[in-house]
Amino acid sequence: DPDSGALRKTGEVGVGGSGTTHLWLDAPSMTLLAANFGSGSTSSVAVNADGSLGALVSTVKATGSGPHRRQASPHSHGISVDPSGRYVLVSDLGADRVFVYGLDRATHALSPEEAAPSRAFVAPPGSGPRHTAFSRDGRYVYLRNELTADILTLRWDAPAGRLAVVQSLPISSAGLQGSKSGSEVAVGRDGRFVYVANRAENELLVYRADSATGELSLVQRTPSGGAQPWTFAIHPSGRWMLVANKQAGKVQLFRIDVETGRLADTGQAVEAADPVSVTFAGE
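Structural notes, computed from the coordinates. (Residues numbered from 1 in each chain as written. Predicted model: local features only at pLDDT ≥ 70, side-chain atom pairs only at ≥ 80, totals over all residues. Heavy atoms only, no water.)

**Describing the pairing of strand 15 (residues 193-198)**
Here is step 1 of the chain: The buried fraction of strand 15 is high, at 6 of 6 residues.
Here is step 2 of the chain: Of the two faces of strand 15, the one lined by Phe193, Tyr195 and Ala197 and the one lined by Val194, Val196 and Asn198 are each fully buried.
Here is step 3 of the chain: Count of turn residues in the strand 14 (residues 182-187)/strand 15 antiparallel hairpin: 5 residues, of which Gly191 carries a positive phi of about 85°.
Here is step 4 of the chain: Bridge count for strand 15 against strand 16 (residues 203-209) is 6 bridges, and the pairing is antiparallel. Bridged to Val194 within strand 16 is Tyr207.
Here is step 5 of the chain: Hairpin connection between strand 15 and strand 16: a loop of 4 residues separates the two successive antiparallel strands, and Asn202 in this loop has a positive phi of roughly 55°. (Buried < 20%, exposed > 50% of the residue type's maximum accessible area, 1.4 Å probe, protein only. Helix = DSSP H or I, 4+ residues; strand = E, 2+ residues; numbered from the N terminus. Pairing = 2+ DSSP bridges.)

**Considerations on the pattern of salt bridges**
Here is step 1 of the chain: Scanning the model with the defined rule gives 8 salt bridges in all.
Here is step 2 of the chain: Salt-bridge contacts for Arg130 lead to Glu146; the nearest nitrogen and oxygen are separated by 2.7 Å. In this pair, Arg130 is assigned in strand 10 (residues 129-134) and Glu146 in the loop between strand 11 (140-145) and strand 12 (150-157), connecting sequence segments 16 residues apart.
Here is step 3 of the chain: Overall, the relative accessible area of 3% leaves Glu146 in the buried class.
Here is step 4 of the chain: The partner of Arg139 in a salt bridge is Asp137, with the nearest N and O atoms 3.0 Å apart.
Here is step 5 of the chain: Taking relative accessible area as the criterion, Arg139 reaches 37% and is therefore assigned partly exposed. (Salt bridge = Lys/Arg side-chain N within 4 Å of Asp/Glu carboxyl O.)

**Some remarks on the sheet that holds strand 21 (residues 263-271)**
Sheets are built from strands that pair by backbone hydrogen bonding, the pairs being arranged parallel or antiparallel.
Here is step 1 of the chain: With antiparallel pairing, 4 strands are arranged side by side in an open sheet as 18-19-20-21. Each having just a single partner strand, strand 18 (229-234) and strand 21 make up the two edges of the open sheet. Each adjacent strand pair in this sheet contributes to an overall mean axis angle of 25°, direction not counted.
Here is step 2 of the chain: Where strand 20 (residues 250-256) and strand 21 come together, 6 bridges link them in antiparallel fashion. The partner of Ile256 across the bridge, within strand 21, is Leu263. (Axes fitted to C-alpha atoms, helices over the stretch in contact; angles between N-to-C directions.)

**Considering the side chain of Ser52**
Here is step 1 of the chain: Here Ser52 lies in the loop between strand 3 (41-47) and strand 4 (53-61).
Here is step 2 of the chain: Look past the residues within four positions of Ser52 in its chain and what remains in contact with it is Thr10 and Val47. (Contact = heavy atoms within 4.5 Å.)

**So, the environment of Ala106**
Here is step 1 of the chain: If you trace the backbone, Ala106 turns up in the loop between strand 7 (97-104) and strand 8 (109-111).
Here is step 2 of the chain: Using a relative accessible area of 71% as the deciding quantity, one classes Ala106 as exposed.
Here is step 3 of the chain: Each C-alpha atom, one on Ala106 and one on Ser179, is 44 Å from the other, the two residues being 73 residues apart in sequence.

**Looking at the side chain of Ser58**
Here is step 1 of the chain: Relative to the assigned elements, Ser58 resides in strand 4.
Here is step 2 of the chain: Judged by its relative accessible area of 12%, Ser58 is buried.
Here is step 3 of the chain: One polar contact links Ser58 to Ser44, side chain to side chain, over a distance of 2.6 Å.
Here is step 4 of the chain: Excluding anything up to four places from it in sequence, Ser58 contacts Thr42, Ser43, Ser44, His108, Ala109 and Leu110. (Polar contact = N/O pair within 3.5 Å; in protein donor to acceptor, adjacent residues only side chain to side chain.)

**What to know about the sheet that holds strand 12**
Here is step 1 of the chain: Taken in spatial order, the 4 strands of this open sheet run 10-11-12-13, and their pairing is antiparallel. Where the open sheet ends on each side, the last strands, each with one partner, are strand 10 and strand 13 (162-170). Averaged over all adjacent pairs, the angle separating strand axes in this sheet is 25°, with direction ignored.
Here is step 2 of the chain: In terms of strand pairing, strand 10 meets strand 11 through 5 bridges, oriented antiparallel. Across the sheet, Pro129 pairs through a bridge with Asn145, a residue of strand 11.

Written out as structure tokens, the structure is:
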């Protein structure tokens, strides 16, 4: 409901996989893309003009594994569509890969990779790719690795559909004891800043992005306002961020300084049971 925000279920559709963990709506083609963590697959669903779900169109199954105990099989975790709409990037925690699939916007269909050599980006062993975010000009991709808690700047070759490493930065503090864990990554509204969640240390990090090279430099490291920041969402205005702190059971509101990119905790929060995903509806 546009006035109250209340939700009404209009339908459902199976996505041909298990453990669906991330969705991406490709608005130009009205295609809903789903990352199926359990089955290590990615699916596409047609979306009707009224916003209701259409039919399952395609499912692509990944292959691969890694050295970590959580990497016995593929685990598709995050999806993003490149600015041209020709390719879908799927970060796979289990396979240590960012798979690059074709997308046919006319038919809503995903096509498995057939290029030789493979277009898939091979991440360092045991890194566990989680989510990706494109720079505003589409020339770079920021890859968030969950298991090694680092962020990679990758150059995106749009005509070839390939990724290459530019920079790798750890997000964990030098004194961290115990397991590392990174969760979310997002690019600010004007593209000058990149935001990252450090789940292991309950922190948010702000980086400045060099417009020429894509490289990142740290601007701020600040508490997330709770425990286990699982994800966050930036308001379309670029001035606000909602942070879902899963273990704390609350969603915290931060103010974004549009000039410096820095975050400020407003002290405002709402309780929510185990929040792991948050998004804004409308403007």
